[in-house]
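Structural description and commentary
Here's the letter readout for the chains.
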Amino acid sequence: MVPASDERGHGLKGGNGKRGAPQAFPWKLFHMLSSEDPSVVRWTHNGDGFVILNMQRFTEDVLVKYFRHRKFSSFQRQLNLYGFKKKTTKGDGEGSYSTKNFLRSRPDLLGKVRRAPQSHHKMKPSPTRRPKDPAAALEGDDDLRKPPVRPDNANPAAARSRRA
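Just so we're clear, the structure is a prediction, and the values are computed from it rather than from any experiment.

The rules behind each value
Residues numbered from 1 in each chain as written. Predicted model: local features only at pLDDT ≥ 70, side-chain atom pairs only at ≥ 80, totals over all residues. Heavy atoms only, no water. Helix = DSSP H or I, 4+ residues; strand = E, 2+ residues; numbered from the N terminus. Buried < 20%, exposed > 50% of the residue type's maximum accessible area, 1.4 Å probe, protein only. Contact = heavy atoms within 4.5 Å. Areas by Shrake-Rupley, 256 points an atom, 1.4 Å probe, with all protein chains shown as cover. Core = buried A, V, L, I, M, F, W, Y, C linked by side-chain atoms within 4.5 Å. Polar contact = N/O pair within 3.5 Å; in protein donor to acceptor, adjacent residues only side chain to side chain. Salt bridge = Lys/Arg side-chain N within 4 Å of Asp/Glu carboxyl O. Phe/Tyr/Trp six-rings, centres within 6.5 Å; stacked < 30°, edge-to-face > 60°. pLDDT = per-residue confidence, 0-100. Axes fitted to C-alpha atoms, helices over the stretch in contact; angles between N-to-C directions. Parallel < 35°, antiparallel > 145°, perpendicular 65-115°, else oblique. Left-handed = near helix turned anticlockwise from the far one by under 90°. Nonpolar A, V, L, I, M, F, W, Y, C, P; charged D, E, K, R; others polar.

1. Topic: the overall build of the protein chain
Looking only at helices and strands, one finds 6 helices and 6 strands in the protein chain. Across the 164 residues of the protein chain, 29% fall into the buried class. Contacts spanning at least 24 positions in sequence make up 49% of the contacts within the protein chain whose residues lie at least 6 apart. If you sum the accessible surface of the protein chain, you get close to 11900 Å²; carbon and sulfur atoms cover 51% of it.

Right, here's the structure in full:
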């Protein structure tokens, strides 16, 4: 059973994301795998993931139909955000992508394929890192912020003015 949509995967109903926006990526991906040429991209044999067989055709022809861009890096970022992992071990399914609840035989589970929450807190500086402002590192130590005092013989201009 393929979810209802137009030829580009638009109009698919998905789970709600932030502020109620539909999470369309898993639905579009499911539709793409059910509709596209299996010599380019297809479900794995057991239906628990997918594999891209022809990267050139995938990026030039398929991506733009469903995601309005041709950048594999953007597609891969979406996969990562939705928890997809690439299988790197040898054997059946090598190079395939999969995640929990993304199954060929279970489109009813697509609403459970959720975008991972992103942390929005600011990173605290590491205690081993030096501050960008060297003066901040010396804060509280007034003597260290003063310019070094040069002996008279270290400044040739001052020595000449004393002689004149």
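2. Observations regarding the nonpolar core
Soluble, globular proteins show a tendency: their nonpolar side chains are buried together. The biggest cluster of nonpolar side chains holds 26 residues, and the ones touching the most others in it are Leu-29, Met-32, Phe-50, Phe-58, Phe-75, Phe-84 and Phe-102. The set of elements that each furnish at least two residues to this core consists of helix H1 (25–35), strand E3 (41–43), strand E4 (50–52), helix H2 (55–67) and helix H3 (72–81). Here the element with the most residues in this core is H1; it accounts for 6 residues. In this structure Phe-84 touches Phe-25, Leu-29, Phe-50, Leu-79, Tyr-97, Ser-98, Thr-99, Phe-102 and Val-113, once residues within four positions along its chain are discounted.

3. Re the environment of Arg-70
Tracing the backbone through its elements, the reader meets Arg-70 in the loop between H2 and H3. As a C-alpha pair, Arg-70 and Phe-58 span 12 residues in sequence and 8.5 Å in three-dimensional space. Not counting the four nearest positions on each side in its chain, Arg-70 is found in contact with Thr-59, Glu-60, Leu-63 and Val-64. At 3.1 Å, the side chain of Arg-70 and the backbone oxygen of Glu-60 are in polar contact.

4. A word on unusual backbone geometry
For Arg-68, which is not glycine, the phi dihedral falls at a positive 55°. Mapped onto the fold, Arg-68 is located in the loop between H2 and H3.

5. A closer look at the pattern of salt bridges
Using the criterion set out here, one finds 4 salt bridges in the structure. Residues Lys-65 and Glu-36 are paired through a salt bridge, measuring 2.8 Å at the closest nitrogen-oxygen approach. Taken together, the residues Lys-65 in helix H2 and Glu-36 in the loop between H1 and E3 connect sequence positions 29 residues apart. Among the residues examined, Lys-65 registers a relative accessible area of 36% and is labelled partly exposed.

6. Structural notes on the packing of aromatic side chains
Counting across every chain of the model gives 14 aromatic pairs. Consider the rings of Phe-58 and Phe-75, whose centres lie 5.2 Å apart with planes at 65°: the pair is edge-to-face. Linking Phe-58 in helix H2 with Phe-75 in helix H3, this pair joins segments that are 17 residues apart in sequence. Residue Phe-58 is classed as buried on the basis of its relative accessible area, which comes to 0%. Its relative accessible area of 0% is what places Phe-75 among the buried residues. What links up through ring pairs into an aromatic cluster is the set Phe-25, Phe-30, Trp-43, Phe-50, Phe-58, Phe-67, Phe-72, Phe-75, Tyr-82, Phe-84, Tyr-97 and Phe-102.

7. Some words on the confidence of the model for the protein chain
Here the protein chain shows a mean pLDDT of 77. Residues at 70 or above account for 59%. Note that pLDDT drops below 50 for residues 1–14; the model gives that stretch 32 contacts with residues more than four away or on any other chain.

8. Let's talk about the packing of H1 against H2
Their axes nearest at 10 Å, the elements H1 and H2 cross at an angle of 130°. Our classification of the angle between H1 and H2 gives oblique. Remark: the crossing between H1 and H2 carries right-handed chirality. Contacts between H1 and H2 pair Phe-25, Lys-28, Leu-29, His-31, Met-32 and Ser-35 from the former with Phe-58, Val-62, Tyr-66 and Phe-67 from the latter. When grouped by side-chain class, the residues that make up the contact of H1 with H2 number 7 nonpolar, 2 polar and 1 charged.

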